[in-house]
Amino acid sequence: MKKLFAMLLAMAMMVSLFACSNDKPDPTKEGSEPPASQGTEESAKPEESSAPSEAPAAPAENPDDIPDTMTSSDNKYQVAFITDVGQLKDKSFNQGTFDGVKLYAAANNKSYKYYQPANGDQATDDDRYDAMKFAVEGGAEVVVCAGFMQTAALSRAAAEFPDVPFIFIDGSPIDGCDNVAAIAFAEHQSGYLAGYAVVKEGYEKLGFSGGGGGTNPACCRFGYGFVQGANDAAKELGKTVDINYSWLYGASFSASTDLQTMINGWYNNGTEIVFACGGSMFQSIVAAAAANDGAVVGVDVDQSAQSDTVVTSAMKGLSASVQWAVAKVYDDSFSDIGGKGTSLGAKDDAVGLPTATWSLENYSVEEYEAQLADMASGKLVVDSMETEADFAKLTTTAWSNVKLSVIE
């Protein structure tokens, strides 16, 4: 993924998922008006450091060098970020998305701020709406919203503030809202690459633990691709591999003792490597792996620096896609993506495994890059899940070289 940032900023690979009209929702129609907010603007404020600093004057290449909070001279914040559930610094989805906000803002002398909906993992649609409203009232010229759970709140906010562009990461277009640009990824491709790589490396007893309780399209695509890749690699090697597959304890994408206990049991019963697919769930899975000499596949970003147990990560271009989309707001080309869905995958250099921290010994970078090229060209096609009805594919497929155990 070395060319990810440059390629995403240079091209707009658009896939229109839904038509979106210019009309605002009709409040006379049943279900068009969300419930009234019961939260407060104050409750939507993010946690901030005790000593916020100014944004760096010079562009930074490492988002960790840019402070999470800054002070705007006019108390207005131009680029806003609304977090998904879980922690801001989750070393995964939230952080990867916010990195893109910080990098764009720092490079273009824009003020920025993150807003964490009230009530944490128990945040309601009202809490999310309050955060979006607070961001707009705080001067936001563009609002970046992370995660499919923002859909209902974003529908309301986008209709109420039609002149504010919203970038919806991991979301679908909102009917009637041309000011919403939905950015999604071909996670099934990234999951496939990870599943294929670890089986080629020699792992035969795998696990997948996903977030969202089985209703998150991104996590579903990651997991479905992971099984496909493992199956194809096992077929090439003439063997059968075992996969434990579960959505238990992942509904809130949070670390938990219950999740750690379950994964600990997997490792004790022979599982060798687990795909930790769900934000802060990573912490519980890594803890179980470390206690059992197990291995982990990270998600969304390269998580190898977080634990020695991580052997590779199924990544997607969160930071680069945010920078690319926000840039369109400021170069007056937002209409190219507003009201539409953009899907980014191998053809856009937007999914893949981290080669800079490659640790696999039996599967080489050269083999991986050849496979990625085949995927980008269309020679290698990975089946996807695009609708809720597709989610049944996992259990209805007759896997030739995978023994799949779904834990419910």
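Residues numbered from 1 in each chain as written. Predicted model: local features only at pLDDT ≥ 70, side-chain atom pairs only at ≥ 80, totals over all residues. Heavy atoms only, no water.

S.K.: So what's going on with the nonpolar core? Residues and values would help.
M.R.: Of all hydrophobic cores here, the largest spans 56 residues; its most connected members are Val143, Phe166, Ile167 and Ile169. Among the elements that take part in this core, helix α2 (residues 93-107) stands out by supplying seven residues, more than any other. Residue contacts for phenylalanine 166: discarding those within four places in its chain leaves Val136, Val143, Cys145, Leu154, Ala157, Ala158, Phe161, Asn179, Val180, Ala181 and Phe334. In this structure, Tyr245, Val365, Leu380 and Leu394 belong to the second largest nonpolar core, which totals 50 residues. (Core = buried A, V, L, I, M, F, W, Y, C linked by side-chain atoms within 4.5 Å. Buried < 20%, exposed > 50% of the residue type's maximum accessible area, 1.4 Å probe, protein only. Helix = DSSP H or I, 4+ residues; strand = E, 2+ residues; numbered from the N terminus. Contact = heavy atoms within 4.5 Å.)

S.K.: Break down the packing of helix α3 (residues 125-137) against helix α4 (residues 151-160) for me, citing the residues and quoting the values.
M.R.: In the contact formed by α3 and α4, the axes pass within 8 Å of each other and the chain directions differ by 35 degrees. Of the two elements, α3 crosses α4, and the hand of that crossing is right-handed. Contacts from Asp125, Asp126, Arg128, Tyr129, Met132 and Lys133 in α3 reach Ala152, Ala153, Leu154, Arg156, Ala157 and Glu160 in α4. (Axes fitted to C-alpha atoms, helices over the stretch in contact; angles between N-to-C directions. Left-handed = near helix turned anticlockwise from the far one by under 90°.)

S.K.: Now, about the sheet that holds strand β4 (residues 166-169): what can you tell me, with residues and values included?
M.R.: Whenever strands of a sheet pair, they do so through backbone hydrogen bonds, lying parallel or antiparallel. One open sheet accounts for six strands, arranged β2-β1-β3-β4-β5-β11; its pairing is parallel. Because the sheet does not close on itself, it has two edges, and the strands there are β2 (112-115) and β11 (341-344). Across the sheet, the mean angle from the axis of one strand to that of its neighbour is 20 degrees, orientation sign disregarded. As defined by bridge partners, strand β3 (residues 142-146) adjoins β4 across four bridges and the pair is classed as parallel. Paired with valine 144 across the bridge in β4 is isoleucine 167. (Pairing = 2+ DSSP bridges.)

S.K.: How would you sum up the packing of aromatic side chains? Please name residues and give values.
M.R.: Taken as a whole and judged by the stated rule, the model has 15 aromatic pairs. Ring geometry for phenylalanine 81 versus phenylalanine 98: centroids 5.4 Å apart, planes at 15 degrees, classification stacked. You can see phenylalanine 81 sitting in strand β1 (residues 79-82) and its partner phenylalanine 98 sitting in helix α2, a full 17 residues away along the chain. Phenylalanine 98 gets classed as buried once you look at its relative accessible area, which sits at 1%. Between phenylalanine 222 and phenylalanine 275 the ring centres are 5.8 Å apart and the planes differ by 85 degrees, which places this aromatic pair in the edge-to-face class. In this pair, phenylalanine 222 sits in helix α6 (residues 217-237) while phenylalanine 275 sits in strand β8 (residues 273-277), placing the two residues 53 residues apart along the sequence. Residue phenylalanine 222 shares its accessibility class with phenylalanine 275, and that shared class is buried. Among the aromatic side chains, those forming a connected cluster through ring pairs are Phe208, Phe222, Phe226, Tyr245, Trp247 and Phe275. (Phe/Tyr/Trp six-rings, centres within 6.5 Å; stacked < 30°, edge-to-face > 60°.)

Read these as layout, nothing more, since geometry by itself doesn't imply function.
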